[in-house]
Structure formats: structure tokens, C-alpha cells
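Remarks on the overall topology
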Amino acid sequence: MSRSRQPPLVTGISPNEGISWTKVTIRGENLGTGPTDLIGLTICGHNCLLTAEWMSASKIVCRVGQAKNDKGDIIVTTKSGGRGTSTVSFKLLKPEKIGILDQSAVWVDEMNYYDTRTDRNKGIPPLSLRPANPLGIEIDKGRFPQKDLEALFPGMSADFTSENFSAAWYLIENHSTTSFDQLKMAVMNLKKQANKKNEGSLAYVKGGLSTFFEAQDALSAIHQKLEADGTEKVEGSMTQKLENVLNRASNTADTLFQEVLGRKDKADSTRNALNVLQRFKFLFNLPLNIERNIQKGDYDVVINDYEKAKSLFGKTEVQVFKKYYAEIETRIEALRELLLNKLLETPSTLHDQKRYIRYLSDLHASGDPAWQCIGAQHKWILQLMHNCKESYVKDQKGNSLLHSPMLDLDSDVRPSPLGHLSQTASLKRGSSFQSGRDDTWRCKAPQQVAFVEKLTKLVVIQLPNFWKLWISYVNGSLFSETAEKSGQMERAKKNARQRQNDFKKMIQEVMQSLAKLIRGALLPFSLREGELRQYGGWEMKSELSGQWLTHVIQTVRLSYESLTAFEIPNDMLHIIQDLILDLRVRCIMVTLQHTAEDVKRLAEKEDWVVDNEGLTSLPSQFEQCIVHSLQSLKSVLDCKPGEASVFQQQKTQEDVCQLSIGIMQVFIDCLEQLSTKPVGDADTTHLSVDVSSPDLFGSIHEDSSLSSEQRLLIVLSNCCYLERHTFINIAEHFEKHSFQGVEKITQVLNYLYNHPE
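Residues numbered from 1 in each chain as written. Predicted model: local features only at pLDDT ≥ 70, side-chain atom pairs only at ≥ 80, totals over all residues. Heavy atoms only, no water.

The condition is simple: UniProt positions are given in the numbering used here, feature names are shortened, and annotations may be inferred rather than shown by experiment.
The name given to the protein in an unreviewed UniProt entry is Exocyst complex component 2, and the organism recorded there is Chrysemys picta bellii. UniProt, in its Sequence similarities (unreviewed entry) section for the protein, records the words "Belongs to the SEC5 family."

Pasting the structure below:
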């Protein structure tokens, strides 16, 4: 079998790997006798015949298609040799996903386009020039079989770009019936085309022949004169003449072409400038676009444009690009300052804070904007708390009563536990931040109570957002995907771990300020002198009643529950629990003191009206006063989750016991005062005249008088009832409300009752 009949063999491919549509060059043996001989080409199982370009029997150029297999052979099939084999393989790579800002190297093929100005084809490689009719005469396809031509011209080809081109094969195949005269015309066309290739260079040489001959003659004359004369004078004069000739020639040439060349240079520079402006208009228009988008608030657009410009021109060496990029950096720096100022503005919502922090991180702002925002919010909350205190203190000193947003009672500022039991119940029911108030009890609340409500409401509203901002800072949710890729999120998380103690101190400082401001308003004696000047300043004309203290305790408790609902650690809220405990203790003390005052006034209310058992209303009033007082303390004595008992400290137990004993002592003194009260001071309009009458306590006449013996008898009757019933009931009420030292109170009471002096 001849060589042309051997099957194709692929021995090389370049490159040997790549993605789909990669342009490859295949080399081997017996790859066909021409483009028509190539009938099949597969790479990795994909048919690439449509993109194949037969160059020679040893070279084929094509593009790899979307193959199913990752790696495979290169199989060439020809008419003359059949299906071939391959000693090499091609590896198909999966294309990588390229982002809009990622750099990518792309091979751009030269395109065949026609330039109307020069009437020439531009950018066409020589091997790709394949005119349909190179001879310039009409093609007349003959009827000679292709197989006969291949047998007649073995190893040759009719393709004029082939290395084995056969002119005879081409003429037989395309001009078998062409006349001899037409073939002579074809020869003349070929000569003309060949002469055109050298026309430019020949014309250039012809145009410069005269100048060349003149220079040659001048040099010959100079050489002859130098040889004939041999003197320095001749040499100098001829040299000077030569220089003059050359200078005149140069000046003449400059004069002739200066205007033309100047216009050409100006046009070229203008054209180049326009091309640069058009090609890089994104960069040149970016400063103005940044300014417009900032004014519209489209910060996302500004950030995206800046990232694109930074990736394209951040490291450029072109001076014009450097100048415009520097202007862009100036605008971006101004934007960073603007966003930072907006971030640190107060008040602001948590959504806006997160948005500005994300913008600043994408713009690679210096420092840690998130931590700066946390610090600014901390200072703002403290300032709000102190401003609230100063406002209420100023109003109090100006003798202006401020209506509480929670309370609007119409009774006395300090309602008595005995006379306003129903009001106390209503106060407990309506002490929520959001519940309404009963219209049946409306009065003006003291400044301290209104201040505590305002202060706790302020903290409950502001502190949760402050805590959420910190949580977002710790878990990295403040940053965008761009910041995550650049490593800013990891650095922020590391900074957050390092600043945990600092944030804990911020929360503790807010809690301490809250507790001390409330103490300054309600418990000034619990502060040191320096703290009192900072957190106090209230005018303590009269101490708050137990009822108002109960309301304050309920308000602080609700604030504590609201803060714990946001998962703020209990160790940071421990100071609030201590405040609640001190307020509860103080409320008990004040209530018992006010109860003693109410008991003392019972003597004035004795009307000496006796019932069938010989008793007046005094024992019942005394018991009711104690019961009402204890009932008003029920919510104070009850322990909420996490609270300690008010009687856990020994000093508190002793103080409560002494106050309870004091109440009993006041009542005994009241009885003694009534038994020794002069006759003229008693109201006797409702008592019987006859002390010895068996119907002494049942027969009451409005116009009768009362003797000292009768008063003493009534007091003794009340005392007997107190000993047998009232004191026992009071002791049971103390035990019911978990009072400590009830036995001691009972013992002292019996002793005082039996030994009044």
C-alpha cells in the first residue's frame, strides 16, 4: 500500500489540555491530502470537524467542543486512509467561575475585516488567505473523478496553500475546458498580483533615486578635490559647503513638511485622546458619578464602582490614570468620613447602624467602625439617663408638678394604707408599662416616682438595641460577603473576643448608673457623699409613702424582667436585684412607720359608742389598720424569681421587729391616754348616764354625759377583748405574711400590756 493510503496517525497536540472551545493544533502523519479528504475529526469523543482547518498532511487546526469525557484520544478520519489512531490524548478541563471583578486572560482571535480607507484586508494571517479564484478567470469544474486524480498525482494536492500543491491537478480539476488564450490571461493576472507586492518598496526606492545620486555625486567630488589638493583649506571649505548643503536641505524639508506633519500629529493626538476617552470613560466619569450617587444615597452603587476601579487601575503606572484614581480615592475618603459621622449620630436605629457598618467595611475604612458605634451608643445612653435626672430635678426645684405618663391620681400624694386600700390594689393592677389606668383614682405622682418610670422606660428601650448590636458584632453578621472574603470578618470576630471585658464593663456601667440614679431619688442615704453629688440633688421635703414605693418596686421589677428577656446575663443585672431588695426593705420600714402614725391617731377617732358586748370600735380599727398595712406589703414581701427574702439579713429582722413592737407600744399608749383623759375632753353625747345600770352599753342617749369611771370601764372592756382576740389575730397575720420574730413581738406586747409603766 502506498504512503497516501496509510491511516492517519496523530503524534502530538498543543495544548494537550484546556476547557471547551480551546483552539488546538494537531500534528501527525497522513492527515489527508486536502480539505476535501478530511471527513472526520473527534477529540474526547466530540465531533470537531465543523471547526477543523486542514493545513497540511501533517497539521490540522481546530477547536475542542463540549465533550462528555474528561480525557480521550484524537481520531482523524480521511477518505484516502480511513480511520486513524493516536499516540497522545487531550484532557478537558472544567471552566472556573469568574466573578465580575476577577481578572481573566482571554485569547482573542484576529478578525477578518475590510478597511475602506486603504482598500486592504486587515489582520488576516497569510495562510488563511484563500481567494475563490486566484487565476482571475472563470472556473469550469471538470468531470474527472477525484479518485483518478489522487491516483494520478499521489501525495499531491490541488489546494494552492498546501505544501504539496500540484498546479497540474488544480488546472485539470478547475480549468479542464479553459482555452489557451484564457490561460495566458490568467498568467498575466498572476504576474500583476506578484508585482503589486513589491510595488510599495519599488516606488519608495524609485522616489529616492535622485537624492541618492546627488549625494553620491557630492561625495565623489569631495573625494576628488581632497585627493587633488590635499590641503586643509580645501578640506575645510568643502566640508563647510557640504554642511551648508545639508542644512539647506534640512531646512527646506522642514519648511515643506512642518505644516503637514503638524496637522497629522495633531489629528493623531486628537484621535488617540478620543479613543482613550471612549475606552476608559468609566474611569474618567467615575468621580462625577460618585458625587451624584452619594447625593442620592446610592452607597451600594458607589462601593461597586469603586471596587471595579480599584481592581482595574489600583496599580496602574499611567500618569493620567493615576491622577483620576487619586481623585476617586479623595471622594471615597470623604464618603468614609460621611458614613462614619452618620454611624455615630444619635439617635439612630439598629438597622441604620448595621447598614453603615457594612458600607464602611466594604470601603476598607481604617479602625473598627463597629466598636466605635458601640462606644458612641454607650455614651449616649448614659447621657440620656443623666439628662433625664437633671430635667426632673430642675422641675422639682421649680415647684412644678410633672404628670407621670403612668399615673394620674386625684388623691393625696401620700395615700394612707388604711384609707386607700382600694387605690393600692388598683396601683398594683396598673403598674405595667403598657396597661391602662383606672379612672377612679387619679392624682399627681411625686417627681421621684415619675422620674423612675421615665428612667426605666428609657433603659428598657435603648439597652436591648445596644445588646443586639454587640451580638451582631460578635457573630460577624454586620459584614457583607465581600468583607468575609477579604478576611475582615475574622479580624472583627477576633477583636470582639478581645473586647468582651470592655463591653461587659459598659453594661455594668449602665446598670450602675440606673441603680444609683434611682437610689439618689429614693434611697439617698445608701450613696456615698461623692456619689450623692453626682446622682442626687433631689429636695427631700417628705418621704414617699409605702404605696408609692410599692409602685416603684413593681416598675423596677418589670424593667428587670424586660432586660432578662433579651438574654442579658444575670451577673450583669445583679446590681438591679440588690436595688430591688433595698427598695423592698425600705418600703416595709416606711409602711410600718406610717402605720404607727395611723395607730396614734386612733385615739382621736374614739367615739365611745359601745356595742352589746361593751366594746367600742377602737379594737376593730386597730386590727384593721394592722391588716391593711400587711396586705399593702404582700407584693413587696413576695419574692420574684431570682430575688432574696427581705428578712435574710439579721439587721432587717431586728428593725422590723422593733417597728412592730413600736406600733403596739403606740396603741397601748393610746389606751392609757383614753383612760386618763379629762372629762371635759371626752365626747359624751352618745353614752348612758347611769353607770350601774345593767343596760349601760345598750342604752345610749345623745344628751347624756360620761364620767371618768365609765370611760375607764369601757377601756378595760376593750383591753380584755384585745388580750383575748385582737392580739392573737394580729400575731396570726404577722406569721401569715412571713414576718420574723413574731414570738418576740407577742412577748413584748403582753409585757407592755401588763406593765404599762
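Examining the overall build of the protein
For the record, the criterion: Secondary structure is summarised from DSSP: a helix means a run of H or I of at least four residues, a strand means a run of E of at least two, and numbering begins at the N terminus for each. Categorising residues by exposure relies on relative accessible area from a 1.4 Å probe, with only protein chains included: less than 20% of the type maximum marks a residue as buried, more than 50% marks it as exposed, and the intermediate range marks it as partly exposed. The criterion used for residue contact is that any of the two residues' heavy atoms lie within 4.5 Å. Computed with a 1.4 Å probe, the accessible areas rest on the Shrake-Rupley method; for each residue, only the protein chains presented here act as cover.
Each helix and strand counted, the protein has 23 helices and 13 strands in total. By the burial criterion, 39% of the 757 residues in the protein qualify as buried. Taking the intrachain contacts of the protein between residues at least 6 apart in sequence as the baseline, contacts between residues at least 24 apart amount to 70%. Counting only carbon and sulfur atoms, one obtains 52% of the accessible surface of the protein, whose full area is about 44100 Å².

Some remarks on a nonpolar patch on the surface
So the rule is basically this: Residues qualify for a patch when their relative accessible area is over 30% and they have no salt bridge, like charges being joined within 9 Å and the nonpolar side chains of Val, Leu, Ile, Met, Phe, Trp and Tyr within 5 Å. Definition used for salt bridges: Asp or Glu carboxyl oxygen within 4 Å of a side-chain nitrogen of Lys or Arg.
Together, Val 318, Val 320 and Tyr 324 line one region of the surface with nonpolar side chains, adding up to about 230 Å² of accessible area. Residue placement: Val 318 occurs in the loop between α7 (299–313) and α8 (319–344).

Some words on the sheet that holds strand β6 (residues 53–56)
Keep this limit in mind: A strand pair is defined by DSSP finding two or more bridges across the two strands.
Within the open sheet, the 5 strands sit side by side as β6-β7-β3-β1-β10. Their pairing is mixed. The sheet terminates laterally at β6 and β10 (85–86), the two strands that pair on one side only. In this sheet, strand β3 (residues 23–29) lies alongside strand β1 (residues 9–14) in antiparallel orientation, the contact comprising 5 bridges. Of the residues in β3, the one forming a bridge with Gly 12 is Arg 27.

A short note on the pattern of salt bridges
Taken as a whole and judged by the stated rule, the model has 19 salt bridges. Between Lys 651 and Asp 655 there is a salt bridge, with its nearest N and O atoms 3.0 Å apart. Of this pair, Lys 651 and Asp 655 both sit in helix α21 (residues 650–675), 4 residues apart, which is roughly one turn of that helix. Taking relative accessible area as the criterion, Lys 651 reaches 57% and is therefore assigned exposed. Through salt bridges with shared partners, a single network forms among Glu 291, Glu 327 and Arg 331.

Looking at helix α18 (residues 574–600)
So the rule is basically this: Residue count minus one, scaled by 1.5 Å, sets the expected span of a helix.
End to end, α18 covers 40 Å across 27 residues, agreeing with the expected 39 Å (1.5 Å per residue, within 8%). Judged by how many residues are buried, α18 sits mostly within the fold: 20 of 27 residues are covered.

Brief notes about the packing of helix α12 (residues 447–475) against helix α15 (residues 500–522)
The test is simple: Between N-to-C directions, angles cover 0 to 180 degrees, with each direction set by a line fitted to C-alpha atoms, over the stretch in contact for helices. These descriptions rest on fixed angle ranges, namely under 35 degrees for roughly parallel, over 145 for roughly antiparallel, 65 to 115 for roughly perpendicular, and the rest for oblique. Lys, Arg, Asp and Glu make up the charged group, whereas Ala, Val, Leu, Ile, Met, Phe, Trp, Tyr, Cys and Pro make up the nonpolar group; the residues left over, Gly among them, are polar.
α15 packs onto α12 with a crossing angle of 175° between their chain directions and a minimal axis gap of 10 Å. In terms of orientation, α12 lies roughly antiparallel with respect to α15. Here Gln 448, Phe 451, Val 452, Leu 455, Thr 456, Val 459, Leu 463, Phe 466, Trp 467 and Trp 470 of α12 lie close against α15, whose contacting residues are Gln 500, Phe 503, Met 506, Ile 507, Val 510, Met 511, Leu 514, Leu 517, Ile 518, Ala 521 and Leu 522. Residue composition of the contact of α12 with α15, grouped by class: 18 nonpolar, 3 polar and no charged.

Thoughts on the nonpolar core
Here is the rule: Only buried residues count toward a nonpolar core. Its members are Ala, Val, Leu, Ile, Met, Phe, Trp, Tyr and Cys residues joined through side-chain atoms within 4.5 Å.
Core analysis: the biggest nonpolar cluster contains 122 residues, and Met 385 and Phe 622 have the highest contact counts within it. With 19 residues, the next largest nonpolar core counts Val 10, Ile 26, Trp 54 and Cys 62 among its residues.

Focus on the packing of aromatic side chains
Under the convention used in this document: A pair of Phe, Tyr and Trp rings is counted when the ring centres sit within 6.5 Å of each other, with Trp represented by its six-membered ring. The angle between the planes then sorts it: under 30 degrees is stacked, over 60 is edge-to-face, the rest tilted. Comment: the charge-over-ring label is applied if NZ (Lys) or CZ (Arg) is within 6 Å of the ring centre and within 35 degrees of the ring normal.
For the structure shown, the criterion picks out 15 aromatic pairs. Note on Phe 451 and Trp 538: the rings are 5.2 Å apart at their centroids and 50° apart in plane angle, and the pair reads as tilted. With Phe 451 in helix α12 and Trp 538 in the loop between α16 (529–535) and α17 (546–565), this pair connects stretches of sequence that are 87 residues apart. Judged on exposure class, the residue Phe 451 and its partner Trp 538 are both buried. Summarising the aromatic geometry, the rings of Trp 470 and Phe 503 are spaced 4.3 Å apart at their centres and angled 5° between planes, so their arrangement reads as stacked. Taken as a pair, Trp 470 in helix α12 and Phe 503 in helix α15 lie far apart in primary sequence, 33 residues in all. Taking the relative accessible area as the measure of exposure, Phe 503 reaches 1% and is therefore buried. The positively charged end of Lys 308 is found above the aromatic ring belonging to Phe 282, 4.6 Å away from the centroid.

Digging into the pairing of β3
Of the two faces of β3, the one holding Val 24, Ile 26 and Gly 28 is buried and the one holding Lys 23, Thr 25, Arg 27 and Glu 29 is not buried anywhere. Both β3 and strand β7 (residues 59–63) contribute to a ladder of 5 bridges, which runs antiparallel. Considered in β7, the bridge of Ile 26 is made with Ile 60.

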